[in-house]
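# Reading the structure
One-letter residues, chain by chain:
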Amino acid sequence: MNYEETLDWLFHQLPFFQRQGAKAFKKDLGNSIKLSNHLNSPENKFKSIHVAGTNGKGSTSHMIASILQEAGYKVGLYTSPHLKDFRERIRVNGKMTSKQFVIQFVKQNKAFLETERLSFFEMTVGMAFDYFAKKKVDIAVIEVGLGGRLDSTNIITPEVSVITNIGFDHVGFLGDTLPKIAFEKAGIIKKNIPVVVGEYHKETFPVFAERAQEEHSELYLAEKTITKQYQTDLLGDYQQKNYKSAVQAVQLLKGFKIQDTHIKNGLLHVAKNTKLQGRWQILNQSPKTICDTAHNKEGLEVTMRQLQREEHESLHIVLGVVKDKELDEVFPVLPKQATYYFCSPKIIRGLDAAILQENAKQYNLFGNVYNSVSEAYEVATANASSNDVIYIGGSTFVVAEIV
């Protein structure tokens, strides 16, 4: 198979969460352990940092990787989902894995993957771990896909575990209360391994504290322990919280020489070092056009506050979401004084734009329906004057079609 055929096989032979939702969710680590054994336990051949959380885990992972790169280390970075190219998920020092590696991995392991009926995510995690082992990285930053306890990445024993924050997302899988969701995230806390929690919340912090005590893990609350102010090239307000988790995590690493200049430069050059996109990304200055992957209540509350501070005559919002989104949670945080351009991302899970429009009316959010994200964006751009602001978001998959 060539690269396109290999990707087609990965994406369409087996269900995967980003496109299909619940059908792709696996309830145990059995397959991940089987694949690890089949690949000779690649995750034991490199050091790692494990990052979970409802919001901010992607940005925090990229910040940690950037700091470590500035300190001169060879750094693996595994994140999900990708925006444009599948290989964005697997990087070493910001460079994506090669197409040839993806082809060879599938070719060499296809019989096993098919026999064991592994999910897309399980295969991809195995591929990443195999790549990092072969590349002999000094350390890899591993972002959890969903939850933590039963996530495919949770076969690693990291140097540090990080849990950025807890909010309501994927409640169908992780539980419908904050303590239940926190319990799933706390599953990445390992025996005698320090854990960084980004933010205090009265309902979730006791869950982390109890788990840390059970595992004899030192717990650090980054919003309290990191008092020094740093600048970052990532412009979203929420990054002010994320960098504290990243700084605390790298400060806990044993056997790595990380100076304050590495932290400063790492945080200032995240996008350049790791190629991160879609986080309060400015696409155009006139009219000012911003995209952001925030897609749940907690994430959107912060981005909408920041959006309202932008000087503008009129506000244009290109909005699309996935079917399992809790619209009653999301709509109240969106501004009423805006023109909406309703669309649907090009994935099976994309919510029909007409349904989105109909639901939005109940919250006094009005606008027209468009056949695609690109059409909605084009019309918004045509309608906007130079003093207006355009915001594109609601889903990672909407942003993926624009950047």
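Right, let's walk through the structure included here.

About the criteria used
- Residues numbered from 1 in each chain as written.
- Predicted model: local features only at pLDDT ≥ 70, side-chain atom pairs only at ≥ 80, totals over all residues.
- Heavy atoms only, no water.
- Helix = DSSP H or I, 4+ residues; strand = E, 2+ residues; numbered from the N terminus.
- Rg over C-alpha atoms; globule rule 2.2 N^0.38 Å.
- Buried < 20%, exposed > 50% of the residue type's maximum accessible area, 1.4 Å probe, protein only.
- Contact = heavy atoms within 4.5 Å.
- Areas by Shrake-Rupley, 256 points an atom, 1.4 Å probe, with all protein chains shown as cover.
- Lys, Arg positive; Asp, Glu negative; His and termini not counted.
- Charge placed at Lys NZ, Arg CZ, Asp CG, Glu CD.
- Phe/Tyr/Trp six-rings, centres within 6.5 Å; stacked < 30°, edge-to-face > 60°.
- Axes fitted to C-alpha atoms, helices over the stretch in contact; angles between N-to-C directions.
- Parallel < 35°, antiparallel > 145°, perpendicular 65-115°, else oblique.
- Left-handed = near helix turned anticlockwise from the far one by under 90°.
- Nonpolar A, V, L, I, M, F, W, Y, C, P; charged D, E, K, R; others polar.
- Pairing = 2+ DSSP bridges.
- Arc of directions from axis to C-beta.

## A look at the overall build of the protein
The helix and strand tally for the protein stands at 18 helices and 14 strands. Computed over the C-alpha atoms, the radius of gyration of the protein is 21 Å, within 12% of the 22 Å expected from 2.2 N^0.38 for a compact globule of 403 residues. In the protein, which comprises 403 residues, the proportion classed as buried is 60%. Restricting the contact set of the protein to residue pairs at least 6 apart, pairs at least 24 apart contribute 75%. Roughly 16,900 Å² of accessible area belongs to the protein as shown, and the carbon and sulfur atoms make up 47% of that amount. The centroid of the 48 positive side-chain charges in the protein is displaced by 6 Å from the centroid of its 45 negative side-chain charges.

## Considering the packing of aromatic side chains
Enumeration according to the criterion identifies 16 aromatic pairs in this entry. Here the aromatic rings of Phe-331 and Tyr-363 are separated by 5.4 Å at their centres, their planes lie at 40°, and the arrangement is tilted. Of this pair, Phe-331 sits in the loop between α15 (327-330) and β12 (339-342) while Tyr-363 sits in the loop between α16 (353-361) and β13 (367-369), and the two are 32 residues apart along the sequence. Among the aromatic residues, those joined into a cluster by ring pairs are Phe-46, Phe-101, Phe-105, Phe-129, Tyr-131 and Phe-132.

## Examining the packing of helix α1 (residues 3-12) against helix α5 (residues 99-116)
A pair of packed helices is captured by two measures, namely the crossing angle of their axes and the spacing between those axes. Running from N to C, α1 and α5 cross one another at 45°; their axes reach a closest spacing of 10 Å. In this view, α1 runs oblique relative to α5, as classed from their interaxial angle. Relative to α5, α1 is oriented so that their crossing is left-handed. Contact residues: α1 offers Tyr-3, Thr-6, Trp-9 and Leu-10, while α5 offers Lys-99, Val-102, Ile-103, Val-106, Lys-110, Leu-113 and Glu-114. Across the contact of α1 with α5, the residue classes tally to seven nonpolar, one polar and three charged.

## Some words on the pairing of strand β1 (residues 47-52)
Burial analysis of β1 places five of its six residues in the buried class, the great majority of the element. In this structure, β1 lies alongside strand β5 (residues 139-143), joined through five bridges in parallel fashion. The residue of β5 that forms the bridge with Val-51 is Glu-143. Here β1 runs beside strand β6 (residues 160-163); their pairing, made up of four bridges, is parallel. Across the sheet, the residue bridging to Val-51 is Val-162, located in β6.

## Here's the deal with helix α8 (residues 178-185)
Along α8, the residues classified as buried are Leu-178, Ile-181, Ala-182, Glu-184 and Lys-185. Down the axis of α8, the smallest arc covering the buried residues is 155°, so these residues share one side.

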